[in-house]
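# Structural overview for review
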Amino acid sequence: MTEQRTLVGETAQPSPGPATSAGHLLQLLRSNTAGYSRADLLEITGMARSTLYERLDALFAAGLVYESTPLRAQRGRPPRSLRFDDRDKLVVCLEIGHTHAGIHLLSLSREVVASVRIPMEIGNAQEVVVDQVVGEALRLLDGRQPVGAGVGLPAPVDPLHRLGLERTVLAHWDLQLLQEAMESRLDCPVLLENDTRSMAVGEVRGPLDSLVAVKVSTGIGSGIIVRGSLVRGAHGAAGDIGHVRIPEAAGCRCRCGRDGCLAAVASGRALLAAPQFAHYGSLRRLVDAADDDPDVRAAVADAGRVLGRVLAAIVGTLNPGRVAVGGLVGVLPGFLQACRQQILADAFEPSLVDLEIVPADSRKATAVGLCRLVEESLYAPERVEQLLAQRAG
Ligand SMILES: [Zn+2]
């Protein structure tokens, strides 16, 4: 329960305005799950007592702060601490894959309250998918109201500029409409993010972590964290490594329409498209056969090696402390081992010092990442200020 709530994404930048606003006070309280006493806050912020108390009152009234009583009465009265009120606040986290969706309810302390995985077809109309996943989310909520929702999508997502989706599996979707439909059905703010970027955020262990998270399932994507900040790039396409052209894929057609992409040889879709594996019928059945079928094992290792070549370049460029590999294919031991060996063989030694190459926490990382992003967005100082102004007005 002493998780350090780290700042990720855009809100890691200092926001304009006085650092003693109610929004900033809440940010300070959120940064320390043990909370602060009033005396602590006076000392840290240097605010006048009356101003501090007035801002705290507003935060109390909005249900954002509570006062915790010490567990045991000690001699003298120990100061009560003020904490961010993360109790009973639920976040809906939706992982949209190519053939399945994960629907999770998380508390703000990242506890998975309920979780279900359903078959789903990304090629279906957007309304059909929304109906399916939101229907499941509402069933899990069972009447409870979420504070926000995060949706992880298998495509580049740029919340600000509405990046074109023409060459992606979401070519027939409209993200603006998707967000509006989900906000209306769930009755809360909805944040859209790339699924692998969400996974990368879920893999952050400390405020200054630098890591690359890679997901190899039907497609291939990556998410990059540099010193605690999520890298989205100029237009939201950072980390989309599946469509880097590589010599090993020369002449292989990718689903994006080009020849020679990494995903055309190293993705789950590419493995499943090999004629000798057609009888498996689904990626799940193919990866389940990796232990028994030597041909699958060899193909998986080849795919891991090819990905390792591309990752070696990324490791050399960014010098991360950790590479976390997830996804149905990515977590196969034979895949990860081949990938690791190739990174170690190809990357320049200084970028390999203390580098960890590990399986991602694929069960939870994406949902946890979405939950963090939603929390950062909901309780960013400027948004809290807006909320308090609306309440006061
Ligand atoms: Zn491609």
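Residues numbered from 1 in each chain as written. Predicted model: local features only at pLDDT ≥ 70, side-chain atom pairs only at ≥ 80, totals over all residues. Heavy atoms only, no water.

A few words now on the overall build of the chain. Across its full length, the chain holds 13 helices and twelve strands. Over its C-alpha trace the chain gives a radius of gyration of 23 Å, about what one expects of a compact globule, namely 21 Å for 393 residues. Sequence separation of at least 24 residues holds for 62% of the intrachain contacts in the chain that already meet a minimum separation of 6. For the chain, the exposed surface amounts to about 18300 Å²; the carbon and sulfur share of it is 51%. In the chain, 41 positive and 45 negative side-chain charges are present, and the distance between their average locations comes to 4 Å. (Helix = DSSP H or I, 4+ residues; strand = E, 2+ residues; numbered from the N terminus. Rg over C-alpha atoms; globule rule 2.2 N^0.38 Å. Contact = heavy atoms within 4.5 Å. Areas by Shrake-Rupley, 256 points an atom, 1.4 Å probe, with all protein chains shown as cover. Lys, Arg positive; Asp, Glu negative; His and termini not counted. Charge placed at Lys NZ, Arg CZ, Asp CG, Glu CD.)

Moving on to the sheet that holds strand 12 (residues 356-359). The strand order 10-9-8-11-12 describes an open sheet built from five strands, whose pairing is mixed. Edge strands, defined here as strands with exactly one partner in the open sheet, are strand 10 (229-230) and strand 12. Of the pairings in the sheet, the one linking strand 11 (residues 322-326) to strand 12 comprises four bridges and is parallel in character. When the bridges of strand 12 are listed, valine 323 appears paired with isoleucine 357. Across the sheet, helix 10 (residues 294-318) lies against strand 8 (211-216), strand 9 (220-226) and strand 11, angled at about 160° from strand 8, the strand it touches most. (Pairing = 2+ DSSP bridges. Axes fitted to C-alpha atoms, helices over the stretch in contact; angles between N-to-C directions.)

As a further point, take the environment of leucine 141. Relative to the helices and strands, leucine 141 resides in helix 4 (residues 126-141). Expressed as a C-alpha distance, the spacing of leucine 141 and histidine 104, which sit 37 residues apart in the sequence, is 9.7 Å. Contacts of leucine 141, omitting those with residues within four sequence positions, involve Leu90, Val92, Leu105, Pro146 and Leu186.

This next bit is on the sheet that holds strand 5 (residues 112-119). The five strands lie next to each other as 5-4-3-6-7, forming an open sheet whose pairing is mixed. The sheet terminates laterally at strand 5 and strand 7 (190-194), the two strands that pair on one side only. Strand-to-strand twist of the sheet, defined as the mean angle between neighbouring strand axes without regard to direction, takes the value 15°. Note: strand 3 (residues 90-96) against strand 6 (residues 148-153), five bridges, orientation parallel. Residue pairing in the sheet places valine 92 in a bridge with alanine 149 of strand 6. Together, strand 3, strand 4 (100-107) and strand 5 form the strand contacts of helix 4, whose direction differs from that of strand 5 by roughly 150°. Of the strands in this sheet, strand 3, strand 6 and strand 7 are in contact with helix 5 (residues 175-186), which crosses strand 7 at around 140°.

As a further point, take the coordination of the zinc ion. Those donors, His243 (ND1), Cys254 (SG), Cys256 (SG) and Cys261 (SG), are the protein atoms that reach the zinc ion, and they lie 2.0 to 2.3 Å from it. Taken together, the four donor atoms coordinating the zinc ion and their angles of 102 to 119° define a geometry best described as tetrahedral. Read in sequence order, the donor residues for the zinc ion give the motif H-x10-C-x1-C-x4-C. Separated by eleven residues along the polypeptide, histidine 243 in the loop between strand 10 and helix 7 (263-266) and cysteine 254 in the loop between strand 10 and helix 7 bring together distant segments of the chain. Assessed through its relative accessible area of 6%, cysteine 254 is described here as buried. (Donors = N, O, S within 2.8 Å, 3.2 Å for Na, K, Ca; no water. Tetrahedral: all angles 85-135°; square planar, octahedral: opposite > 155°, others 65-115°. Buried < 20%, exposed > 50% of the residue type's maximum accessible area, 1.4 Å probe, protein only.)

Further remarks concern the pattern of salt bridges. Scanning the entire structure with this criterion turns up 18 salt bridges. Here glutamate 375 ties to arginine 110 by a salt bridge, and the two come within 3.0 Å at their closest N and O atoms. Here glutamate 375 is found in helix 12 (residues 365-378), whereas its partner arginine 110 is found in the loop between strand 4 and strand 5, with 265 residues between them in sequence. This pair shows no difference in class: glutamate 375 is buried, exactly as arginine 110 is. Two residues, arginine 322 and glutamate 203, come together in a salt bridge whose shortest N-O distance is 3.7 Å. (Salt bridge = Lys/Arg side-chain N within 4 Å of Asp/Glu carboxyl O.)

Of the residues in the chain, 91% reach a pLDDT of 70 or more, and the chain-wide mean stands at 90. Low pLDDT, under 50, characterises residues 1-17; the predicted model gives this stretch 40 contacts beyond four residues in sequence or across chains. (pLDDT = per-residue confidence, 0-100.)

Glancing now at the nonpolar core. If you look at the biggest cluster of nonpolar residues, it comprises 43 residues, and the most contacted ones within it are Leu26, Leu41, Leu59 and Tyr379. When near neighbours in sequence (up to four residues on either side) are disregarded, leucine 41 contacts Leu25, Leu28, Leu29, Tyr36, Gly46, Leu52, Leu56 and Leu82. Membership of the second largest hydrophobic core comes to 41 residues, among which are Leu283, Val296, Val310 and Leu336. (Core = buried A, V, L, I, M, F, W, Y, C linked by side-chain atoms within 4.5 Å.)

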